[in-house]
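Residue-level structural notes
This is what each chain is made of:
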Amino acid sequence: VVGIIANDQLCDKIDEVDHENPIVVVLDKTPFYGEMGGQVGDRGVIISPHFHFDVTDTRIDGGFVLHCGHLREGKIMLGDTVLARVDPDRRQGIRRAHSATHLLHYALQKHLGKHALQQGSKVDGDWLRFDFTNPSAVGAEELVCIENEVNGRILAAEPIGHAEMPLAEARNTGATMLFGEKYHDVVRVVSVGEFSKELCGGTHLTNTGQVGIFKIIAEESVAAGTRRITALTGRAAMDYIRHTQA
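A few points on the structure. Nothing here was measured: the structure is a model prediction, and the numbers come from that model. (Residues numbered from 1 in each chain as written. Predicted model: local features only at pLDDT ≥ 70, side-chain atom pairs only at ≥ 80, totals over all residues. Heavy atoms only, no water.)

Next up on the list: the overall build of the chain. Counting its regular elements, the chain contains four helices and 16 strands. Counting only C-alpha atoms and orienting by the principal axes, one finds that the chain spans roughly 60 × 50 × 35 Å. Within the chain, the proportion of its 246 residues that are buried is 45%. In the chain, 62% of the contacts between residues at least 6 apart in sequence involve partners at least 24 apart. Just so you have it, the chain exposes about 13000 Å², and 50% of that area is on carbon and sulfur atoms. Averaged over its 25 positive side-chain charges, the chain has a centre that lies 3 Å from the centre of its 33 negative ones. (Helix = DSSP H or I, 4+ residues; strand = E, 2+ residues; numbered from the N terminus. Buried < 20%, exposed > 50% of the residue type's maximum accessible area, 1.4 Å probe, protein only. Contact = heavy atoms within 4.5 Å. Areas by Shrake-Rupley, 256 points an atom, 1.4 Å probe, with all protein chains shown as cover. Lys, Arg positive; Asp, Glu negative; His and termini not counted. Charge placed at Lys NZ, Arg CZ, Asp CG, Glu CD.)

Below, the structure is given as structure tokens:
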């Protein structure tokens, strides 16, 4: 533990259990993903023989990963050595949804045209929202084709990999970059099979088959020339289908 913040004040220790307002714990290294690039922050626990801390949200601020949450028992002190454990089921749901956004981006460009570029996204556990450029609403038949395309790539169990490389090299590989986004000199390129390459810092699966299933539940306008697709993956998609059948 290298930092403790409570009520916007740096502290040497915290021993108030079940406090109303979240406090922040900063570690020298962490497996937690802080909210960034449209992907929500991880949840989980930070524990030691002396305390139990529930992490309810993770954020990034000034290069630091902020673990926000509540002390459930014991006392946290600067210098404590801890075990930081991400909620694995929630992380896996986020990974399914995030990898599915890359499949959706590919499918949109294939079926609508190269103009259908990402304008923003939000990724949570087995849920995704994807904004893209398109002059008009996407018709029902087109949505079926897009959904089939994504599920076909899922059934193919295409490998998903990532590599860090200089920005210029990433451009040469043809990796998709978001317009207006500021990138570092060294970037992370996520590739799916031989058909998708995108600059992305988020968490992903190791193959598309792990997405399980992809189901579009909404298509709507968010601004002139910008459309939004909301979709479900994995368990949430199965629950939706079951509920619709019932």
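To summarise the sheet geometry, strands pair through backbone hydrogen bonds and adopt either a parallel or an antiparallel arrangement. Strand order across the open sheet formed by three strands is β12-β13-β14, with antiparallel pairing between neighbours. Edge strands, defined here as strands with exactly one partner in the open sheet, are β12 (160-166) and β14 (196-199). Adjacent strand axes in the sheet meet at a mean angle of 25° when their direction is disregarded. Bridge analysis of strand β13 (residues 186-192) against β14 gives four bridges, and the strand direction is antiparallel. Bridged to Val-192 within β14 is Ser-196. (Pairing = 2+ DSSP bridges. Axes fitted to C-alpha atoms, helices over the stretch in contact; angles between N-to-C directions.)

Considering the arrangement of structural elements, one finds Leu-178 in the loop between α3 (167-172) and β13. The class of Leu-178 is partly exposed, set by a relative accessible area of 28%. With residues up to four places along the chain from it excluded, the contact list for Leu-178 reads Gln-118 and Tyr-183.

As a rule of thumb, soluble globular proteins bury nonpolar side chains together. Grouped together as the largest cluster of nonpolar side chains are 31 residues, with contacts concentrated most on Leu-104, Leu-108, Leu-128, Phe-132, Ile-146 and Phe-214. Of all the secondary structure elements, the ones that give two or more residues to this core are α1 (88-111), β11 (127-133), α2 (140-155), β13, β15 (214-223) and β16 (226-233). Considering every element that reaches this core, the biggest residue donor is α1, with eight residues. Setting aside anything within four residues of it in sequence, one finds Leu-104 in contact with Leu-128, Phe-130, Ile-146, Val-150, Phe-214 and Ile-229. Of all hydrophobic cores here, the second largest spans 15 residues; its members include Ile-4, Ala-6, Ile-14 and Phe-53. (Core = buried A, V, L, I, M, F, W, Y, C linked by side-chain atoms within 4.5 Å.)

The bulk of non-glycine residues show a negative phi, and the bulk of peptide bonds are trans. Its identity is not glycine, yet Asn-7 carries a phi of approximately 50°, on the positive side. With respect to the helices and strands, Asn-7 occurs in the loop between β1 (3-6) and β2 (9-10).

If you trace the backbone, Arg-153 turns up in helix α2. If sequence neighbours within four positions are ignored, Arg-153 has contacts with Leu-103, Tyr-106, Glu-158, Phe-195 and Thr-208.

Let us now look at the environment of Ile-160. Take Ile-160: it is sitting in strand β12. Through-space distance from the C-alpha of Ile-160 to that of Ala-100 is 11 Å; in sequence the pair is 60 residues apart. Here Ile-160 is in contact with Ser-99, Val-190, Ser-191, Val-192, His-204, Leu-205, Thr-206, Asn-207 and Thr-208, once residues within four sequence places are set aside.

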